[in-house]
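Here's the letter readout for the chains.
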Amino acid sequence: MDVLYFAWVRERIGLPKEQVETGAATVADLVEELKAREERYAAAFEDVSALRVAVDQELTDFDAPLAGAREVAFFPPMTGG
């Protein structure tokens, strides 16, 4: 699946997008797999309460299932003005 990173998440990880092979059942499981990869992922996902997630371009929660998902995107909350 494609995993996309935006704003400071991208800056901490150093990639805008990557293809990930995963057996994760939920977004939270995917986050744990990514955090275990290396320190830059652990730093980016240290506080998931500061993040939002979308699965196949639909805003969702970290307990959302990943079965059949093609894309997961992580980004900070957006503010308007």
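Here the structure is a predicted model, which is why all the values come from computation and not from measurement.

Quick look at the overall build of the protein chain now. Secondary structure summary: the protein chain contains three helices and five strands in total. Scanning the protein chain from its N terminus toward the C terminus, one meets helices and strands in the order β-α-β-α-α-β-β-β. Relative to its length of 81 residues, the protein chain is compact, with a C-alpha radius of gyration of 12 Å against a globular reference of 12 Å. Projected onto its principal axes, the C-alpha positions of the protein chain cover 35 × 30 × 20 Å. For the protein chain, with 81 residues in total, the buried portion stands at 38%. Looking at the protein chain alone, contacts between residues at least 24 apart form 51% of all its contacts between residues at least 6 apart. In the protein chain, 8 side chains carry a positive charge and 16 a negative one; their mean positions are 5 Å apart.

With that settled, consider the pairing of strand β5 (residues 71-75). Here β5 lies mainly inside the structure; five of its five residues are buried. A two-sided burial pattern is seen for β5, the buried positions comprising E71, A73 and F75 on one face and V72 and F74 on the other. One ladder, built from four bridges, connects strand β3 (residues 52-55) with β5; its direction is antiparallel. The residue bridging A54 from the neighbouring strand is A73, located in β5.

On to the environment of E33. If you trace the backbone, E33 turns up in helix α2 (residues 27-37). Of the residues examined, E33 reaches a relative accessible area of 34% and is grouped as partly exposed. Linking E33 and T22, residues eleven residues apart in sequence, is a C-alpha distance of 8.1 Å. Once you skip the residues sitting within four places of it in the chain, E33 turns out to touch E21, T22, G23 and A24.

How each quantity is defined
- Residues numbered from 1 in each chain as written.
- Predicted model: local features only at pLDDT ≥ 70, side-chain atom pairs only at ≥ 80, totals over all residues.
- Heavy atoms only, no water.
- Helix = DSSP H or I, 4+ residues; strand = E, 2+ residues; numbered from the N terminus.
- Rg over C-alpha atoms; globule rule 2.2 N^0.38 Å.
- Buried < 20%, exposed > 50% of the residue type's maximum accessible area, 1.4 Å probe, protein only.
- Contact = heavy atoms within 4.5 Å.
- Lys, Arg positive; Asp, Glu negative; His and termini not counted.
- Charge placed at Lys NZ, Arg CZ, Asp CG, Glu CD.
- Pairing = 2+ DSSP bridges.

These results come straight from atomic positions and should not be treated as a statement about function.
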